[in-house]
Amino acid sequence: MPFELHPAPTPTRKPEDNYLQTAWKERIYPMAEKLGVYMKLPTVSPYPYTNLAFQGLEFAKDQGKGDEYNGVVFRAFFQQSRDIGSIDVLADIAKEVGLDPEQFRAALEQGTYRDRVQQLLRTAYEQAGVTAVPTMIIGRQRLEGLYPEDIIRQVIESELARGVENSQTKP
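Quantities reported herein were computed from a predicted structural model and do not represent experimental measurements. (Residues numbered from 1 in each chain as written. Predicted model: local features only at pLDDT ≥ 70, side-chain atom pairs only at ≥ 80, totals over all residues. Heavy atoms only, no water.)

Draft legend 1. Geometry of the packing of aromatic side chains. All chains considered together, the criterion is met by nine aromatic pairs. Ring centres 6.1 Å apart and planes at 85° place the aromatic pair phenylalanine 59 and tyrosine 113 in the edge-to-face group. Linking phenylalanine 59 in helix 2 (residues 51–62) with tyrosine 113 in the loop between helix 5 (101–110) and helix 6 (114–127), this pair joins segments that are 54 residues apart in sequence. (Phe/Tyr/Trp six-rings, centres within 6.5 Å; stacked < 30°, edge-to-face > 60°. Helix = DSSP H or I, 4+ residues; strand = E, 2+ residues; numbered from the N terminus.)

Written out as structure tokens, the structure is:
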């Protein structure tokens, strides 16, 4: 689900900020290495706003390419330091995943998916109460931030067991 840590006009972070340098060194790089995922601190400064990328995701979903688009956007930013706030970059990504780049560009320029994304963001902020990335809501439990795989598995197993117990006690 879309979630903007720093929605416009709030300033976004800059990779040269001490906070990001420390966070990546102490938490993100070790977790990525453990999971076998190549990531690097993006050098785009300041970080781009993500609303257009989210609008592009909705376009891609409508074309059956949402997961593929999402993966390429993440790699573009977290591996290649591409500016995912740029319509040109996003149109290139759309083409890469087999979407019509001109239709994609027109949808972003016309704001075709703006209202849908705004509704999804309201759901994240207001109904789900998301304030951090990542946030996982698993049954009745909420995990905010980075958690090791074994903790996530325990939470899932606990919630599955709770669901089975609840279904057995209902008439």
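Draft legend 2. Region of the structure containing the pairing of strand 1 (residues 135–138). Pairing of strand 1 with strand 2 (residues 141–144) involves four bridges; the strand directions are antiparallel. Bridge pairing in strand 2 places threonine 135 opposite glutamate 144. Counting the residues that bridge the hairpin from strand 1 to strand 2 gives two residues, and of these glycine 139 lies at a positive phi of roughly 60°. (Pairing = 2+ DSSP bridges.)

Draft legend 3. Fine view of the environment of arginine 122. For arginine 122, the position within the fold is in helix 6. Between the C-alpha atom of arginine 122 and that of proline 2, which follows or precedes it by 120 residues, the distance is 9.6 Å.

Draft legend 4. Representation of helix 1 (residues 18–35) in the model. Here helix 1 is 18 residues long and its end C-alpha atoms lie 25 Å apart, about the 26 Å a rise of 1.5 Å per residue gives. In the structure, helix 1 departs most strongly from a straight axis at tryptophan 24, where the bend amounts to approximately 45°. Among the residues making up helix 1, those that are buried are Leu20, Ala23, Trp24, Met31 and Ala32. Buried residues belonging to helix 1 abut helix 3 (66–78). Within two residues after helix 1, glycine 36 carries a phi angle of roughly 75°, on the positive side. (Expected span 1.5 Å × (residues − 1). Bend = angle between axes of the 7 residues up to and from the residue. Buried < 20%, exposed > 50% of the residue type's maximum accessible area, 1.4 Å probe, protein only. Contact = heavy atoms within 4.5 Å.)

Draft legend 5. Seen up close, the nonpolar core. Tyr69, Val73, Leu90, Ile93, Leu99 and Phe104 are the most contacted members of the largest nonpolar core, which totals 26 residues. For this core, the secondary structure elements donating two or more residues are helix 1, helix 2, helix 3, helix 4 (87–96) and helix 5. Apart from residues no more than four positions distant in its own chain, isoleucine 93 is found in contact with Tyr69, Val72, Val73, Ala76 and Arg82. (Core = buried A, V, L, I, M, F, W, Y, C linked by side-chain atoms within 4.5 Å.)

Draft legend 6. Structural context of helix 3. The first and last C-alpha atoms of helix 3 sit 18 Å apart over 13 residues, in line with the 18 Å expected at 1.5 Å per residue. Here helix 3 has its buried residues at Gly66, Tyr69, Gly71, Val72, Val73, Ala76 and Phe77.

Draft legend 7. Structural context of the pattern of salt bridges. A full pass over the atoms with the stated rule returns eight salt bridges. Linking glutamate 58 and lysine 61 is a salt bridge whose minimum nitrogen-to-oxygen distance equals 3.0 Å. Residue glutamate 58 and its partner lysine 61 are located together in helix 2, separated by three residues, close to a single helical turn. According to the relative accessible area criterion, lysine 61 is partly exposed, its value standing at 42%. (Salt bridge = Lys/Arg side-chain N within 4 Å of Asp/Glu carboxyl O.)

Draft legend 8. Representation of the packing of helix 2 against helix 3 in the model. Interaxial distance between helix 2 and helix 3 falls to 7 Å at its minimum, and their mutual angle equals 150°. Taken as axis vectors, helix 2 and helix 3 run roughly antiparallel relative to one another. Seen from helix 2, the contacting residues are Leu52, Ala53, Gly56, Leu57, Ala60 and Lys61; seen from helix 3, they are Gly66, Tyr69, Asn70 and Val73. (Axes fitted to C-alpha atoms, helices over the stretch in contact; angles between N-to-C directions. Parallel < 35°, antiparallel > 145°, perpendicular 65-115°, else oblique.)

Draft legend 9. Geometry of the environment of glutamate 16. Its place among the elements puts glutamate 16 in the segment before helix 1. In this structure the C-alpha to C-alpha distance between glutamate 16 and leucine 41, which are 25 residues apart in sequence, comes to 9.6 Å. Once residues lying within four places of it in the same chain are set aside, the contact partners of glutamate 16 are Gln21 and Ser45. A polar contact is formed between the side chain of glutamate 16 and the side chain of serine 45, at a distance of 2.9 Å. (Polar contact = N/O pair within 3.5 Å; in protein donor to acceptor, adjacent residues only side chain to side chain.)

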